Amino acid sequence: MLALLAHPDDEAFPMGGAIAMHTARGVTTRLITATSGELGEIRQPGSATRETIGEVRRAELEQAIVELGIESHAVLGYRDSGMAGWDDNHHPKAFVQASEHEVVARLVFEIRRFKPQVILTFEPGGLYGHPDHIAICNHATEAFRLAADPDAFPHHMAIGIQPHQTDRLFYSGRPKGFRTRMAQTLRAAGVDFPLPSPDRVDDGCDPADIHLTLDVSDGLDAKFACIKRHFTQLQPDWPYERVPREVAAAAMGIEHYIRAWPEVAPGETVPDDFFAGL
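Keep in mind the model is a prediction, meaning the values are calculated, not measured.

**Student:** Please give an account of the sheet that holds strand β2 (residues 30-35) that cites residues and values.
**Tutor:** Sheets are built from strands that pair by backbone hydrogen bonding, the pairs being arranged parallel or antiparallel. Taken in spatial order, the seven strands line up as β3-β2-β1-β4-β5-β7-β6 in an open sheet, and their pairing is mixed. Single-partner strands in this sheet number two, and they are β3 (72-78) and β6 (212-215). Each strand axis lies, on average, 25 degrees off the axis of its neighbour in the sheet, ignoring direction. Here strand β5 (residues 168-173) runs beside strand β7 (residues 254-261); their pairing, made up of five bridges, is antiparallel.

**Student:** An account of the packing of helix α2 (residues 53-68) against helix α8 (residues 220-229) is requested, with residue identities and associated values reported.
**Tutor:** Two numbers describe how α2 lies on α8: the axes approach to 8 Å, and their chain directions differ by 175 degrees. Compared by their axis directions, α2 and α8 come out roughly antiparallel. Contacts between α2 and α8 involve E60, Q63, A64, E67 and L68 on the former and, on the latter, A222, K223, A225, C226 and R229. Split by residue class, the contact of α2 with α8 holds five nonpolar, one polar and four charged.

**Student:** Please give an account of the layout of surface pockets that cites residues and values.
**Tutor:** Its volume calculated, the largest pocket comes out at about 1100 Å³. In terms of lining residues, the largest pocket is bounded by 37 residues, among which F13, E41, R43, Y128 and R179 are the most central. Looking at the lining of the largest pocket, the elements with two or more residues in it are α4 (126-129) and α7 (178-188). Here the lining of the largest pocket is built from residues that sort into 20 nonpolar, eight polar and nine charged. Residue lining of the second largest pocket: 17 residues in total, with F178, M182, A251, I254 and H256 positioned closest to the centre.

**Student:** Quick one: what's the story with the nonpolar core, residue by residue and with numbers?
**Tutor:** Where a protein is soluble and globular, its nonpolar side chains tend to be buried together. The biggest cluster of nonpolar side chains holds 79 residues, and the ones touching the most others in it are L120, Y240 and F274. It is helix α5 (residues 131-146) that provides the largest number of residues to this core, a total of seven residues. Sequence-distant contacts of L120, defined by excluding residues within four places in its chain, comprise M1, L2, A3, L4, M15, I19, F170 and F274.

**Student:** Talk me through the state of the cysteines; I want residue IDs and the actual numbers.
**Tutor:** By the definition in use, this model includes zero disulfides. This cysteine, C137, is not joined by any disulfide, and C205 carries the nearest cysteine sulfur, 11 Å off. The exposure class of C137 is buried, given its relative accessible area of 2%. Take C205: its relative accessible area is 7%, and that puts it in the buried class.

**Student:** How would you explain the packing of aromatic side chains if you had to name every residue and give the values?
**Tutor:** On inspection of all chains with the given rule, the structure shows six aromatic pairs. Ring geometry for F224 and Y240: centres 5.9 Å apart, planes at 35 degrees, overall tilted. Here the residue F224 occupies a position in helix α8, and Y240 occupies one in the loop between α8 and α9 (245-252), the gap between them amounting to 16 residues. Following the ring pairs from residue to residue traces out a cluster consisting of F170, Y257 and F274.

Each value, and the rule that gives it
- Residues numbered from 1 in each chain as written.
- Predicted model: local features only at pLDDT ≥ 70, side-chain atom pairs only at ≥ 80, totals over all residues.
- Heavy atoms only, no water.
- Pairing = 2+ DSSP bridges.
- Helix = DSSP H or I, 4+ residues; strand = E, 2+ residues; numbered from the N terminus.
- Axes fitted to C-alpha atoms, helices over the stretch in contact; angles between N-to-C directions.
- Parallel < 35°, antiparallel > 145°, perpendicular 65-115°, else oblique.
- Contact = heavy atoms within 4.5 Å.
- Nonpolar A, V, L, I, M, F, W, Y, C, P; charged D, E, K, R; others polar.
- 1 Å grid on protein atoms, 1.4 Å probe; cavity = no way out; pocket = protein on both sides within 12 Å on 5 of 7 lines; lining within 4 Å.
- Points joined across faces, edges and corners; volume = space filled by probe spheres on them.
- Core = buried A, V, L, I, M, F, W, Y, C linked by side-chain atoms within 4.5 Å.
- Buried < 20%, exposed > 50% of the residue type's maximum accessible area, 1.4 Å probe, protein only.
- Disulfide = S-S within 2.5 Å.
- Phe/Tyr/Trp six-rings, centres within 6.5 Å; stacked < 30°, edge-to-face > 60°.

Take a look at the structure:
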């Protein structure tokens, strides 16, 4: 399984449970992260500075992937583009400014070399409209298509890297209203957790687009351990270890996926296993 994502911690929050459950049963997994997340918040005082945050987050990522059982990873070295509308979107080194041809070529090389059966990335809306999440979805989807085409990037064949058809492409998504539901779950357990601001209430995709809702309770401990390795991104009052296990599982133990390929036929039920039948 190959995960193609944008920032350190992208492997943790939306899909860490599914990754952990698959690696626990022997699925060899590799992670490609486009940026160092150098525009991320510094939520833990003293954990980094604006000058060191990228380096610190790369180090956190190296520890975090161990918790999920990810065997190998690489950071492509593009610059974090920041949230939608930030001036950083226009920085010449920002991931969203990178040449599509260049990024897709690098991802195709990774696919052909690793030869995954399953690829994971974000859904086209980027979970909540993050420009880098949208960009990696677009580039990963195109790379998925071109990796099997012998006419695409033929120089790979000259060094022994052959075309490869990945069996399945899954998008990680969250249904609209997920922020409110998570907040309400915690508030009902007595945690003073803020409701989303009006501009974030509708983050997420159309629930009708979700094909697979996974109970990842069996991978929840690994998911939480991974999240905590991203210390700079962890809220000082992180609530999930202050509530009963069933509350934490209700808030963080469900993950949502869209099967982008092969397309889901009308009436088809998608198995709750990325590798079913492979």
